[in-house]
Number of protein chains: 2
Amino acid sequence: MTRIIATYLVHATPAEIEARARAIAIEQSVEMPLEAIADDFILRGIVGEVQSIADRGGGVFAVRIGLAASTIGADAGQLFNMAFGNTSLQEDVVLADLNVPPGLFPGPRVGIAGLRARTGAVGRAFTASAIKPQGLPPERLAAIAAGFAAGGIDFVKDDHGLADQHYAPFAARVPLCADAVRRAGHARYVPSVTGSLDAMRAQIGLARDCGLDCVMVAPMIAGPANVRALADEFPGMAFLAHPTLGGAARIAPELLIGKLFPLLGADAVIFPNYGGRFGYSPGTCADLAANARGLGAVPVPAGGMTLARVPEMLDFYGADAMLLIGGSLLAARERLAEATARFANAVAAHRYRK
Amino acid sequence: MTRIIATYLVHATPAEIEARARAIAIEQSVEMPLEAIADDFILRGIVGEVQSIADRGGGVFAVRIGLAASTIGADAGQLFNMAFGNTSLQEDVVLADLNVPPGLFPGPRVGIAGLRARTGAVGRAFTASAIKPQGLPPERLAAIAAGFAAGGIDFVKDDHGLADQHYAPFAARVPLCADAVRRAGHARYVPSVTGSLDAMRAQIGLARDCGLDCVMVAPMIAGPANVRALADEFPGMAFLAHPTLGGAARIAPELLIGKLFPLLGADAVIFPNYGGRFGYSPGTCADLAANARGLGAVPVPAGGMTLARVPEMLDFYGADAMLLIGGSLLAARERLAEATARFANAVAAHRYRK
């Protein structure tokens, strides 16, 4: 009997916690009174099993529940549904961790080693930036992409707000950006794919036709099963996961972004770095990065980062990371390529501790 | 210039709130320093616009921001991305409301009136229950479905845990349940469709081949753009939205379930009723139901409801509602049809105040 072990952090009193833990185990499996179930197979093999309860202090308990892997199968949407679906609607509980047995989900296809091989970035962190702002026409977006590439950056990704808007349709802007990046340097251009699975599939096909081998997806908007379907369908494509709509207060970010996105097939995962404009702590960021690396995906700290913080971030994350700096490079405007070159050089010249 | 008005509830001090509101407006539009933007079109037409800030007391401010509809287009995923994508990762803010101009999203195709016409349920609330537990083989699931139908219920839906598991594959269980329900009464069987858009599309096709005209989807797992794509593709199919993974602490449930799910095309929306095992207040439930009805979708209170609460719920929600009672009917076991008949009769016999 294969079980996925889910750890929940639950606010409760010592007198309540056992009943509350059993209630979560039922909610996330059969969702009905056990008295109404006669079948031994279901009671033993399907109903969630409370494996341990640990008092973490401060009225918080860590509850480990074994969820039957057979309720999930190979459906990544079911993984989220069975791990936290209805329980996400309850206020007293956070999904803190999931231990998914190896082999149930494929994980990154290209991963850290593949991205190093493709970019030639060896012995140092990867560098990345983002094409912004949305609202520009395709030619102007391509000019910005060219500036980053001329500065020697590894990855030039779309802002996650860029989609298929009328002022810059995907089919018009992606070939231009791909071409601009190719002429200006060795960078990989990473378009953001959006919309339904059909739309994303067509966009990835177009990206491939433009000679691209990386795209960005937002798993919490695309739907987990669709991300997995795309990763299965385009094994040569590297997938960069964006955390938008992660609403990570209710699913621990080190789990959601650090583990679950790689399990869907993300080769690199963007997350809000500590000390930026999002509230993650250094501990959360370190755990998230370690989880992602453990699954072979590149951690990508981002969110209001500046050139001045590059050495500190490289000391913190080491070489198996990708630094993503957007706005503070774009602030250089006509000197975009120089600012980008300072960024690329700082990462190349750093003495890595690990 | 069409704008979608987003209302955020922000924890801040009076000294901070103006800057914080501007920061959200930028985060949810161009996500870069405004000093680096030269284009008037972008500054005036794309950047989010703080329209008002109201002190709600207790350190909470209601901030209304106009988001350019052109950044969203017809992509339902972009609606979520631009309304709350990155901001969902910040701890101090909740998305409280969205005013989407009529016509941008199609909304329910079948809706309240269509469901009344199909079921013949006139002048009273709809009734519904759920087939559980997962783990049963198709024949046993069909027998439960038949029990509900024999009791005279309107809708027999799948438990949202039922997917395409090996012990009860969709293609095996859905024809059996459809047939069992058809023989036993006038009920509509509502299978749950899961997985990628491809998988959901194939499942809906199979449901249609079985003569079914209602299915259930989980928008936060399926991905909003895929739900909209399915609603566009199957206009004769009624869609029941399940709130699983709604994690509604960060998006107000009256918005997420009451407005956004209907905008994607849901004809009926399931939500946790007050006084059940989820933490929604009566006020939240009333607002959620009013929002859904305002868009033509049926509100479906659920979650640990009992027969004893039927009169109270009908007084609270009125006739334009669907009552969904699952576990407490299933607890009747071999007397499932009688328990269901008591439920159906209580709803039919109620004197509606509104």
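In what follows, the structure referred to is the one given above.
First things first, this report covers the structure right here in the doc. (Residues numbered from 1 in each chain as written. Chains lettered and ligands numbered in written order. Predicted model: local features only at pLDDT ≥ 70, side-chain atom pairs only at ≥ 80, totals over all residues. Heavy atoms only, no water.)

Turning our attention to the side chain of B:Asp75. Note on placement: B:Asp75 falls in the loop between β3 (60-68) and α3 (76-84). Although B:Asp75 is buried, it makes no salt bridge; B:Arg228 carries the closest opposite charge, 8.0 Å away. Apart from residues no more than four positions distant in its own chain, B:Asp75 is found in contact with A:Thr194, A:Gly195, B:Phe105 and B:Ala225. (Helix = DSSP H or I, 4+ residues; strand = E, 2+ residues; numbered from the N terminus. Buried < 20%, exposed > 50% of the residue type's maximum accessible area, 1.4 Å probe, protein only. Lys, Arg positive; Asp, Glu negative; His and termini not counted. Salt bridge = Lys/Arg side-chain N within 4 Å of Asp/Glu carboxyl O. Contact = heavy atoms within 4.5 Å.)

This part is about the side chain of B:His242. By the secondary structure assignment, B:His242 is in the loop between β9 (238-241) and α10 (253-264). What makes B:His242 buried here is its relative accessible area of 5%. A distance of 3.4 Å separates a polar atom in the side chain of B:His242 from a polar atom in the side chain of B:His160. Looking at B:His242, its side chain comes within polar contact range of the main-chain nitrogen of B:Thr244, at 3.1 Å. Sequence-distant contacts of B:His242, defined by excluding residues within four places in its chain, comprise A:Asn86, B:Lys157, B:His160, B:Met216, B:Val217, B:Ala218, B:Pro219, B:Phe261 and B:Ile270. (Polar contact = N/O pair within 3.5 Å; in protein donor to acceptor, adjacent residues only side chain to side chain.)

Our next topic: the relation of the copies chain A and chain B. Note on the copies: chain A fits chain B at an RMSD of 0.0 Å, the axial shift is 0.0 Å, and the rotation between them is 180 degrees. Such a combination of turn and shift is consistent with a two-fold rotation axis. Among all residues of chain A, the one whose C-alpha sits closest to the rotation axis is A:Gly223, at a distance of 2.1 Å. (Least-squares fit on C-alpha atoms with pLDDT ≥ 70 in both.)

This paragraph deals with empty space enclosed by the protein. A full pass over the atoms with the stated rule returns five cavities of 30 Å³ or more. As a volume, the largest cavity reaches approximately 230 Å³. Lining the largest cavity we find 17 residues, and of these A:Leu245, A:Gly246, A:Gly247, B:Leu245 and B:Gly246 sit closest to its centre. Here the lining of the largest cavity is composed, by residue class, of nine nonpolar, six polar and two charged. (1 Å grid on protein atoms, 1.4 Å probe; cavity = no way out; pocket = protein on both sides within 12 Å on 5 of 7 lines; lining within 4 Å. Points joined across faces, edges and corners; volume = space filled by probe spheres on them. Nonpolar A, V, L, I, M, F, W, Y, C, P; charged D, E, K, R; others polar.)

Each aromatic ring pair is characterised by the separation of its centres together with the angle its planes make. In this structure the tally under the stated criterion is 12 aromatic pairs over all chains. Ring centres of B:Tyr274 and B:Tyr317 lie 6.5 Å apart, and the angle between their planes is 40 degrees; this geometry places the pair in the tilted category. Placement of B:Tyr274 in the loop between β10 (268-272) and α11 (282-294) and of B:Tyr317 in helix α12 (residues 310-317) is noted, with a sequence separation of 43 residues between them. A relative accessible area of 2% places B:Tyr317 in the buried class. Ring geometry for B:Phe316 and B:Tyr317: centres 4.8 Å apart, planes at 75 degrees, overall edge-to-face. By way of ring pairs, the aromatic residues A:Phe271, A:Tyr274, A:Phe316 and A:Tyr317 are connected into one cluster. For the cation-ring pair, A:Arg309 lies above A:Tyr274, with the distance from its terminal atom to the ring centre recorded as 5.1 Å. (Phe/Tyr/Trp six-rings, centres within 6.5 Å; stacked < 30°, edge-to-face > 60°. Lys NZ or Arg CZ within 6 Å of the ring centre and 35° of its normal.)

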